[in-house]
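So the chains spell out like this:
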Amino acid sequence: MTAVQSSAEDRGGDLTQKPSWRGLSGRPSVTAVYVSVVIAVHVSLTVAALLEAPLRLNDLGTFGAILACGVVCIEASRRLGMPAGVARDLLSAWWLPAALLLPPAYALVVPIPLQLLLQFRVRRTLLYRRLLLMAAHGIAAAVASVLFHLVVPDPLAGTDWVVDVTPGIPVAVGCAVLFTVISTFIVAIAAHAANPESGWKDVLWTRESLLLDLVELCVGVTVSICATISLGLLLLALPPAVLLQRSLMHQQLQAAARTDAKTGLLNAVAWQREADTELSRAQRGHESLALLLIDIDYFKRVNDTHGHLVGDQVLIGVASTLCHQLRDYDIVGRFGGEEFVVLLPGADTVEACRVAERLRGRVRRLAVPAEEGTVSVTISIGVALFRMHGADMIEMLAAADLALYRAKQSGRDRVCLPALDGPRPL
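A few points on the structure.

Rules of the game
- Residues numbered from 1 in each chain as written.
- Predicted model: local features only at pLDDT ≥ 70, side-chain atom pairs only at ≥ 80, totals over all residues.
- Heavy atoms only, no water.
- Helix = DSSP H or I, 4+ residues; strand = E, 2+ residues; numbered from the N terminus.
- Buried < 20%, exposed > 50% of the residue type's maximum accessible area, 1.4 Å probe, protein only.
- Contact = heavy atoms within 4.5 Å.
- Areas by Shrake-Rupley, 256 points an atom, 1.4 Å probe, with all protein chains shown as cover.
- Pairing = 2+ DSSP bridges.
- Core = buried A, V, L, I, M, F, W, Y, C linked by side-chain atoms within 4.5 Å.
- Expected span 1.5 Å × (residues − 1).
- Right-handed = clockwise from strand over helix to strand, strands pointing away.

## Some remarks on the overall build of the protein
(1) Moving on: A count of helical and extended segments in the protein gives 16 helices and 7 strands.
(2) Moving on: The proportion of buried residues among the 426 residues of the protein is 52%.
(3) Moving on: If you take every contact in the protein between residues at least 6 apart in sequence, the share linking residues at least 24 apart comes to 75%.
(4) Moving on: When the accessible surface of the protein is split by element, carbon and sulfur atoms take 62% of a total near 19,100 Å².

## Examining the environment of Asp213
(1) Moving on: With respect to the helices and strands, Asp213 occurs in helix 10 (residues 207-229).
(2) Moving on: Judged by relative accessible area, which is 6%, Asp213 ranks as buried.
(3) Moving on: On a C-alpha basis, the gap between Asp213 and Thr180 in space is 7.1 Å, while along the polypeptide they are 33 residues apart.

## Side note on the sheet that holds strand 1 (residues 289-296)
(1) Moving on: A sheet is described by the order of its strands in space; here 5 strands give the open sequence 2-3-1-6-7, paired in mixed fashion. Since the sheet does not close on itself, it has two edges, and those belong to strand 2 (331-336) and strand 7 (415-416), each with one partner.
(2) Moving on: Bridge count for strand 1 against strand 3 (residues 339-345) is 7 bridges, and the pairing is antiparallel. Bridge pairing in strand 3 links Leu292 to Val342.

## Focus: the environment of Glu339
(1) Moving on: Residue position: Glu339 is located in strand 3.
(2) Moving on: Glu339 sits 40 residues away from Ile379 along the chain, and the two C-alpha atoms are 9.5 Å apart.
(3) Moving on: Excluding anything up to four places from it in sequence, Glu339 contacts Ile294, Asp295, Arg334 and Leu404.

## Let's talk about unusual backbone geometry
(1) Moving on: Phi at His286 takes a positive value of approximately 55°, unusual for a residue other than glycine.
(2) Moving on: Looking at the element boundaries, His286 is found in the loop between helix 12 (268-285) and strand 1.
(3) Moving on: Given the relative accessible area of 67%, His286 is considered exposed.
(4) Moving on: Phi at Arg387 takes a positive value of approximately 75°, unusual for a residue other than glycine.

## So, the nonpolar core
Soluble, globular proteins show a tendency: their nonpolar side chains are buried together.
(1) Moving on: Among the nonpolar cores identified, the biggest contains 47 residues, and Leu91, Trp94 and Trp161 are the most heavily contacted of them.
(2) Moving on: With 8 residues, the single largest contributor to this core is helix 3 (residues 92-101).
(3) Moving on: Not counting the four nearest positions on each side in its chain, Trp161 is found in contact with Leu101, Phe148, Val152, Pro155, Gly168, Ile169, Ala172, Ser224, Ile225 and Thr228.
(4) Moving on: One finds Val342, Val363, Val377 and Ile379 within the second-largest nonpolar core, a separate group that totals 37 residues.

## Structural notes on helix 6 (residues 127-151)
(1) Moving on: Given a rise of 1.5 Å per residue, 25 residues ought to cover 36 Å, and the 37 Å separating the end C-alpha atoms of helix 6 matches this to within 8%.
(2) Moving on: Of all 25 residues in helix 6, 18 are buried, a share of seventy percent or more.

## Remarks on the environment of Leu344
(1) Moving on: Within the element layout of this structure, Leu344 appears in strand 3.
(2) Moving on: On the basis of relative accessible area, Leu344 is assigned to the buried category, the value being 1%.
(3) Moving on: Note: C-alpha distance between Leu344 and Val355 (11 residues apart in sequence) is 9.1 Å.
(4) Moving on: Setting aside anything within four residues of it in sequence, one finds Leu344 in contact with Leu289, Ala290, Leu292, Leu326, Arg327, Asp330, Ala352 and Val355.

## Remarks on the pairing of strand 6 (residues 379-385)
The side chains of a regular strand alternate between both faces of the sheet.
(1) Moving on: For strand 6, the buried fraction is high: 7 of the 7 residues fall into the buried class.
(2) Moving on: Neither face of strand 6 is exposed, since Ile379, Ile381, Val383 and Leu385 on one face and Ser380, Gly382 and Ala384 on the opposite face are all buried.
(3) Moving on: Of the pairings in the sheet, the one linking strand 1 to strand 6 comprises 7 bridges and is antiparallel in character. Within the sheet, the bridge partner assigned to Leu292 lies in strand 6 and is Val383.
(4) Moving on: With 2 bridges connecting them, strand 6 and strand 7 associate as parallel partners. By the bridge assignment, Ile381 is partnered in strand 7 with Val415.
(5) Moving on: Following the backbone out of strand 6, through helix 16 (residues 393-409) and into the adjacent parallel strand 7, one traces a crossover that is left-handed.

Interpretation note: all reported values are geometric properties and have no functional meaning in isolation.
This is the structure:
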């Protein structure tokens, strides 16, 4: 199953769209309060640290060199573009060395120019998201900086912590891990607050994000070692980092081409491709296969009454509900407009109708915040079975579309099969 995509950096949740900043009581929402507090903490810590930090030419030179490398990485990858929202990048590999080698003030400051450069040179996104990431990385880097400097008070004074290895490098790795954990949890809490129905596993780590974190950790510690030995060695570390950054962006753009930008589900073309693959597998293995065609009832009325922004939130809410009620290997996509399509491998008639009824019931309980209160919607579902209602995907889609039409003609908010029997009872 393709879950609702957010930016990889945000690790899930409704932070992919502008949240409702005021609750039903008119007071600021939990997400708004939390994000504001995190940003305020970052600003306060930065101001306090800058007032106390000693100005040393060696620190300023190292900071400038690390910052310049980060800028080069951004500019070298800029022409590739960036997927919607704030995409995952490898910039932590540059502000992590600032945290390990320089006083905490530099760790708090270094994400600011790099995130602003991303915002104005690469892709503009919602400002609160950019500020949240900036604050999360700054706070996490400051904590890592404080702890590392307790063990290695002046990392730039010499190469002892690199040459002797113990305890310098193990502590550096531990601080890098701590940086990743803190920044991830700060963002994940905001994502979970914006979408409480999402599980923590959806907003924390996946296998791919863990691998990326490991790469960032290795690159960040390696860059720190190079900068300690000689700033000139950063010129050797820069090309591999740029190549990794461009490769990561290219992969994310490929993934973005397969997904619907609004809901994060597979788009119609990508869904068709994966569905055809699953159909071929079912044909070879003589396995059962079911298809659900889902339509939001009276969706135009939602847009006309509450506006298209609320309509978008309804689409996102329905997509999220579908994903959380389906198995990992079910294939769900946005078919266009307010229509969704789901392929259920291994499902027979009873299982398909049971899943459809569960989805219908969960969507009925969905409440999307709006200025006038909350918006609730219902869905109608057409069910088609492989071999029973069609021998290929086109025939199955036609049968499911006929069943969906019957569900709407029968009063909506129900599940129908393309057979002659009446709609299944609510």
